[in-house]
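Architecture at a glance
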Amino acid sequence: MTVDIDKTTGPEGTPAAGPEAIKAIPVRHYGRYVSAVIAIAILISIIYAFGQGKINWHAVPDYFFDDRILTGVGKTLLLTVLSMLIGIVGGVLLAVMRLSKNPVTSSIAWFYIWFFRGTPVLVQLIIWFNLGLVFEYINLGPIYKDYWSSFMTPLLTALLGLGLNEAAYMAEICRAGLLSVDEGQTEASHALGMSHNKTLRRIVIPQAMRVIVPPTGNEVINMLKTTSLVSVVQYPELFRYAQDIGQTSGAPVEMLFLAAAWYLIMTSVLSIGQYYVERYYARGSSRSLPATPFQKIKANMLSLGRPKGGTA
């Protein structure tokens, strides 16, 4: 901004006593106004184009709360939770193995991460579904014995394909979190007589959570969307039900928009949860936490009710 200095002088032309009055004039950012107008114009054009397109938008609310769609939403959430549990547990184990001084366990963890991160999830799902070509029977002795095709159900295929792949990514996230804790913490714990496992549980992992939680939240949201791939192994979730309804109702594209709307709702809810979980684990990293969105709204509403120049 520019500053206009009002120079006041005394009766004999000498500068008056006291500080000079400063009048601050805000700088006008015309580029911001122009870019805002352009952005709004592009947004209106896109909305207008979709409104004039040959899409039956009335089909979306008609099927939005259809029983099959709601069933698909429930199965999508269930698959997301179970796959992430497999991924988190496997990731922690792999991270500890990767950091182990034992070259065998460290090499096994490295190979696992290299293989599952290097192949697409879709390919892994199809391989799991067709492993009956290699293992005709699954034989667990007196506990269980059956054909592979009967054992490898669509749900089990989806859990193995998504969960084991997620474990490779979670292993790197957990490893980064463990390495972020200063080595002096571990040395001090050992000096106090704590075992290696107890040091991990009580000292290292609680401090590493601040680094682990944010990318883990992103992985949960990504997992929710990745569940749409399990339709190739015949597991009925949201995307599969939307496709089936689209084929029978003659509105395949409209049902894709419906599925996209449900994914947006679920990811938005998960994003809110991720925000508060990150806030919880960030309590010890700073003296004061940033205000939540609700706190900001409340502060703005209170500031509007205050008299100008006064206090609330």
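Above this note sits the structure.
Reading guide: rules and limits
- Residues numbered from 1 in each chain as written.
- Predicted model: local features only at pLDDT ≥ 70, side-chain atom pairs only at ≥ 80, totals over all residues.
- Heavy atoms only, no water.
- Helix = DSSP H or I, 4+ residues; strand = E, 2+ residues; numbered from the N terminus.
- Buried < 20%, exposed > 50% of the residue type's maximum accessible area, 1.4 Å probe, protein only.
- Contact = heavy atoms within 4.5 Å.
- Areas by Shrake-Rupley, 256 points an atom, 1.4 Å probe, with all protein chains shown as cover.
- Phe/Tyr/Trp six-rings, centres within 6.5 Å; stacked < 30°, edge-to-face > 60°.
- 1 Å grid on protein atoms, 1.4 Å probe; cavity = no way out; pocket = protein on both sides within 12 Å on 5 of 7 lines; lining within 4 Å.
- Points joined across faces, edges and corners; volume = space filled by probe spheres on them.
- Axes fitted to C-alpha atoms, helices over the stretch in contact; angles between N-to-C directions.
- Left-handed = near helix turned anticlockwise from the far one by under 90°.
- Nonpolar A, V, L, I, M, F, W, Y, C, P; charged D, E, K, R; others polar.
- Salt bridge = Lys/Arg side-chain N within 4 Å of Asp/Glu carboxyl O.
- Core = buried A, V, L, I, M, F, W, Y, C linked by side-chain atoms within 4.5 Å.
- Patch = residues over 30% accessible without salt bridge, like charges linked within 9 Å, V, L, I, M, F, W, Y side chains within 5 Å.

A separate point is the overall build of the protein chain. Counting its secondary structure elements, the protein chain contains twelve helices and four strands. Taken across its 312 residues, the protein chain has 28% of its residues classed as buried. In the protein chain, the proportion of contacts linking residues at least 24 apart, taken out of those at least 6 apart, comes to 67%. When the accessible area of the protein chain is evaluated, it comes to approximately 20600 Å², of which 65% is carbon and sulfur surface.

Throughout the structure, instances matching the rule amount to 13 aromatic pairs. The interplanar angle of 20° and the centroid separation of 4.9 Å between the aromatic rings of Phe-64 and Trp-262 together place this pair among those described as stacked. With Phe-64 in the loop between α2 (59–63) and α3 (67–98) and Trp-262 in helix α11 (residues 252–281), the pair connects residues that are 198 residues apart, well separated along the chain. The two residues Phe-64 and Trp-262 agree in class, both being buried. Relative to Trp-114, the ring of Phe-111 lies with its centre 5.5 Å away and its plane at 40°, an arrangement referred to as tilted. Of the two residues, Phe-111 and Trp-114 are both situated in helix α4 (residues 103–118); the distance of three residues between them amounts to about one turn of the helix. A network of ring pairs unites the aromatic residues Trp-110, Phe-111, Tyr-112, Trp-114, Phe-115 and Phe-116 as a single cluster.

Negative phi is the rule for most residues except glycine; trans is the rule for most peptide bonds. Even without glycine at this site, Gln-234 takes up a positive phi of about 70°. Position of Gln-234 among the secondary structure elements: in the loop between α9 (196–226) and α10 (238–249). Residue class for Gln-234 comes out partly exposed when judged on its relative accessible area of 44%.

As a volume, the largest pocket reaches approximately 480 Å³. In terms of lining, the largest pocket is formed by 14 residues, of which the most central are Leu-99, Leu-179, Thr-186, His-196 and Leu-200. Among the elements of the structure, α7 (154–180), α8 (183–191) and α9 are those that each provide at least two residues to the lining of the largest pocket. The element best represented in the lining of the largest pocket is α9, accounting for four residues.

Next up on the list: the packing of α7 against α9. Where α7 contacts α9, the axes come no closer than 8 Å and their chain directions differ by 145°. Our pair here, α7 against α9, has a crossing hand that is right-handed. Two secondary-structure elements touch here, α7 through Leu-162, Glu-166, Tyr-169, Met-170, Ile-173, Cys-174, Ala-176, Gly-177, Leu-178 and Ser-180 and α9 through Leu-200, Val-204, Ile-205, Ala-208, Val-211, Ile-212, Pro-215, Thr-216, Glu-219, Met-223 and Thr-226. A class-by-class count of the residues in the contact of α7 with α9 yields 15 nonpolar, four polar and two charged.

The next thing to look at is the pattern of salt bridges. Under the defined criterion, the tally for this structure stands at four salt bridges. Residues Arg-68 and Asp-66 are paired through a salt bridge, measuring 3.1 Å at the closest nitrogen-oxygen approach. Linked by salt bridges that have partners in common, Arg-98, Glu-172 and Arg-175 make up one network.

Attention shifts here to the nonpolar core. The biggest cluster of nonpolar side chains holds 21 residues, and the ones touching the most others in it are Leu-79, Leu-162, Leu-178 and Val-230. Sorting the residues of this core by element identifies α3, α5 (121–129), α7 and α9 as the ones contributing at least two each. Here this core gets seven residues from one element, more than from any other, and that element is α7. Apart from residues lying up to four places away in sequence, Leu-178 is in contact with Ala-95, Leu-99, Leu-200, Val-204, Ile-205 and Ala-208. Of all hydrophobic cores here, the second largest spans 16 residues; its members include Phe-64, Val-73, Ile-245 and Met-255.

Taken together, the side chains of Val-34, Ile-38, Ile-42, Ile-46, Phe-50, Trp-57, Val-253 and Phe-257 present a nonpolar region at the surface, about 690 Å² in accessible area. Of all elements in the fold, only α1 (30–52) and α11 reach the threshold of two or more residues within the nonpolar patch. Ranked by the residues each element gives to the nonpolar patch, the list is headed by α1, at five residues. Relative to the helices and strands, Phe-50 resides in helix α1.

So, to be careful, I would describe these as geometric facts and stop short of saying anything about function.
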